[in-house]
Amino acid sequence: IWWEVRKCEKPKYTVIRPLGSKRDWWTGRSPAELRQYAPMLIAEVTVSGTMRQASSSGFRKIANFIFGNNKAAGQGSEKIAMTSPVRMEIEGSSSKQQGSSEAIAMTSPVIMEMAGTESLPNGAAGDVKMSFVMPSKYSAASLPKPNNSDVAIREVPGHTAAVLTFR
């Protein structure tokens, strides 16, 4: 899987600076970076349940969309290439007071942005947004339209994120 993920298209970014002084023995790079990401297009679903239930259900819904359950600009459907990373945002749980938030981002294979909670404890349920970054060849107008109304297409503005790198 690691080799396949390396071949996937990833969102465009610029490294602002490395974080921390420790360097990877193999690459000589910092294991964490502050990055400026370019705007990106995502396909997103919101699902409820435990983290395991929500991530499984969300992944299947979006995978179904990119594997061809969509309406292309011409006729029929179109398969959309898998990209990396997969994004997850936890919208809340009873374990933290409303109004507080925390954001964490990682490079492939997964980006998680946690907003409104630090985590979902074992067995706790909440709303989870899962999204796939769409290939850069598409615009909002040219991307095939999902047949499943649970899948929403959204433009994410450029943003800065602290990321843990995996090589």
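Located above this text is the structure these notes cover.
These numbers were taken from a predicted model, which means no experiment stands behind them.

Caption draft 1: Spatial organisation of the overall build of the protein chain. The helix and strand inventory of the protein chain stands at two helices and 11 strands. The buried share among the 167 residues of the protein chain stands at 39%. Across the protein chain, contacts joining residues at least 24 apart in sequence account for 73% of those joining residues at least 6 apart.

Caption draft 2: Region of interest: the layout of surface pockets. Quantified by volume, the second largest pocket comes out at close to 240 Å³. If you go around the second largest pocket, you meet 19 residues; those closest to its centre are Pro-39, Met-40, Leu-41, Met-134 and Ser-136. Secondary-structure elements contributing two or more residues to the lining of the second largest pocket are strand 3 (40–49) and strand 10 (152–156). Here the residues of the lining of the second largest pocket sort into 12 nonpolar, three polar and four charged.

Caption draft 3: The pairing of strand 2 (residues 32–37), seen in detail. Bridge analysis of strand 1 (residues 13–19) against strand 2 gives six bridges, and the strand direction is antiparallel. When the bridges of strand 2 are listed, Tyr-13 appears paired with Tyr-37. Examined bridge by bridge, strand 2 and strand 11 (residues 159–164) share six bridges and lie antiparallel to one another. Bridge assignment links Arg-35 to a residue of strand 11, and that residue is Ala-161.

Caption draft 4: Region of interest: the pattern of salt bridges. Within this structure, the stated rule accounts for three salt bridges. Glu-33 is the partner of Arg-35 in a salt bridge, and the nearest nitrogen-oxygen pair spans 2.8 Å. On the accessibility criterion, Arg-35 (4% relative accessible area) is buried. On the basis of relative accessibility, which here comes to 3%, the residue Glu-33 falls in the buried class.

Caption draft 5: Representation of the side chain of Arg-35 in the model. With respect to the secondary-structure elements, Arg-35 resides in strand 2. Side chain to side chain, Arg-35 and Tyr-37 meet in a polar contact 3.0 Å long.

Caption draft 6: Representation of unusual backbone geometry in the model. Residue Pro-85 follows Ser-84 across a cis peptide bond; omega there is 10°. Position of Pro-85 relative to the elements: it lies in the loop between strand 4 (70–71) and strand 5 (86–90).

About the cut-offs
Residues numbered from 1 in each chain as written. Predicted model: local features only at pLDDT ≥ 70, side-chain atom pairs only at ≥ 80, totals over all residues. Heavy atoms only, no water. Helix = DSSP H or I, 4+ residues; strand = E, 2+ residues; numbered from the N terminus. Buried < 20%, exposed > 50% of the residue type's maximum accessible area, 1.4 Å probe, protein only. Contact = heavy atoms within 4.5 Å. 1 Å grid on protein atoms, 1.4 Å probe; cavity = no way out; pocket = protein on both sides within 12 Å on 5 of 7 lines; lining within 4 Å. Points joined across faces, edges and corners; volume = space filled by probe spheres on them. Nonpolar A, V, L, I, M, F, W, Y, C, P; charged D, E, K, R; others polar. Pairing = 2+ DSSP bridges. Salt bridge = Lys/Arg side-chain N within 4 Å of Asp/Glu carboxyl O. Polar contact = N/O pair within 3.5 Å; in protein donor to acceptor, adjacent residues only side chain to side chain.

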